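Geometric and topological summary
Next come the chains, spelled out residue by residue.
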Amino acid sequence: MYSHEQLIILDADGTTIDAFDAIAETFARLGMDLGDLETFQKRRHLFKYLGGVKVFPKNLSRQIGKRKRGSLIATLTEIYREEARLFPGIAALMQRLIASPLVKVGVITRNITDRPEETLRCLFGRHGIETNALDFLVHVPLSQEKTAHFRTVREQFRINPARTYACGDERKDFRAAVGSGMHPFMVSYGFENHRHLTDKAGIPEELISRTPEELCQRILHALDLEHTCCKTRLLS
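What this report covers is the structure whose coordinates are included nearby.

Conventions and cut-offs
Residues numbered from 1 in each chain as written. Predicted model: local features only at pLDDT ≥ 70, side-chain atom pairs only at ≥ 80, totals over all residues. Heavy atoms only, no water. Core = buried A, V, L, I, M, F, W, Y, C linked by side-chain atoms within 4.5 Å. Buried < 20%, exposed > 50% of the residue type's maximum accessible area, 1.4 Å probe, protein only. Contact = heavy atoms within 4.5 Å. Helix = DSSP H or I, 4+ residues; strand = E, 2+ residues; numbered from the N terminus. Pairing = 2+ DSSP bridges. Right-handed = clockwise from strand over helix to strand, strands pointing away. Axes fitted to C-alpha atoms, helices over the stretch in contact; angles between N-to-C directions. Parallel < 35°, antiparallel > 145°, perpendicular 65-115°, else oblique. Left-handed = near helix turned anticlockwise from the far one by under 90°. Nonpolar A, V, L, I, M, F, W, Y, C, P; charged D, E, K, R; others polar.

1. As for the nonpolar core
- Formed by 45 residues in total, the largest nonpolar core has its most connected members in Ile8, Leu97 and Ile219.
- Apart from residues no more than four positions distant in its own chain, isoleucine 8 is found in contact with Leu97, Val103, Lys104, Val105, Gly106, Phe136, Tyr165, Cys167, Phe185, Ile219 and Leu223.
- Ranked by size, the runner-up nonpolar core spans 13 residues in total, among them Leu7, Phe136, Phe157 and Ala166.

The structure is reproduced here in C-alpha cells:
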C-alpha cells in the first residue's frame, strides 16, 4: 500500500530561513533591541521577544496594543518578503529535493507574518525557489501542534513512516517528528542552541546539525542524493 517515494518536511523560520536576522532588523526599525543570537536562543517562549533586563520595559511597551502589534507584524512581513535570506546552501538543497522524482518535499511552518503563504512565496522566490513546485506548503496556527499536520501529509502521499523525515530547530519540532513516526533532522543554529536541545530537551546529539551546511549534507546522504545528478522533476 505504500508509495516508493520518500518524504521530507522542511521547517521555515530558524531552519531554512535566517529568522533571527529578520526579527532583529524588525525590532531595530521599531526602536527595540532583540539582543544577540546567543542570548536570544537561551530565552524561552514569549520572553524571546522581550529582550534582556535592560531593554525589557521598552520592548514590552512597544508590543502591547493591537496597533503596535500590527505594526510589528507588518514590518516583519515586509522584511521577510523583500530582504530576509535563506541560510547558506538551503536554496541549492531545496532545488535538489524538488528535482528528485522520488522525493516528496514541502514546508510546514508557524510563520507569523501576514498571509504567510504569500510571504514565503516572495522569500523563496527571491532565492530561485518556486513554492508551487513544492508538493505542499502548510501554515500551522500558533494554537496548533505540527504533529497532526505531519501525519496528514505522510498519509496523503502514502509514504512508509520509515522513509519520512522532518526538520526543525526547536524541541517542539522534535516532538512533532517523533510523534508522527518520522526521523528528525534538528539544527542548533536557529531558535534553540545546542545545549538547550541536548541538556534541556534530551535530544540526542547525533541528530543535531550545528550549521546549515551540515544539515544539507545529512539530508542528501539520508535520501541517497549525494552523488545523484539533478534531473528535471517528472510531471505527473
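Don't stop here, the text continues.
2. Section: the pairing of strand β4 (residues 164–168)
- The buried fraction of β4 is high, at five of five residues.
- Of the two faces of β4, both are covered, the one formed by Thr164, Ala166 and Gly168 as well as the one formed by Tyr165 and Cys167.
- Across three bridges, the pairing between strand β1 (residues 6–10) and β4 is parallel. Note that in β4 the partner of leucine 7 across the bridge is threonine 164.
- Examined bridge by bridge, β4 and strand β5 (residues 183–187) share four bridges and lie parallel to one another. Each bridged residue has a counterpart across the sheet, and for glycine 168 the counterpart in β5 is methionine 186.
- Between β4 and its parallel partner β5, the chain crosses via helix α8 (residues 171–179), and the hand of that crossover is right-handed.

3. Here's the deal with the packing of helix α5 (residues 90–99) against helix α10 (residues 212–222)
- Running from amino to carboxyl end, α5 crosses α10 at an angle of 15°, the nearest separation of the two axes being 10 Å. As judged from the angle between their axes, α5 and α10 are roughly parallel. Along this stretch, α5 crosses α10, giving a crossing that reads as left-handed. For the pair α5 and α10, contact is made by Ile90, Leu93, Arg96 and Leu97 and by Leu215, Cys216, Ile219 and Leu220, respectively.
- Considering only residue class, the contact of α5 with α10 consists of seven nonpolar, no polar and one charged.

4. Focus on the pairing of strand β2 (residues 103–109)
- Where burial is concerned, most of β2 is hidden: seven out of the seven residues are buried.
- The side-chain alternation of β2 yields two buried faces, one formed by Val103, Val105, Val107 and Thr109 and the other by Lys104, Gly106 and Ile108.
- Note: β1 against β2, five bridges, orientation parallel. Its bridge partner being in β2, leucine 7 is matched across the sheet by lysine 104.
- In this structure, β2 lies alongside strand β3 (residues 136–139), joined through four bridges in parallel fashion.

Structural measurements only, silent on function.
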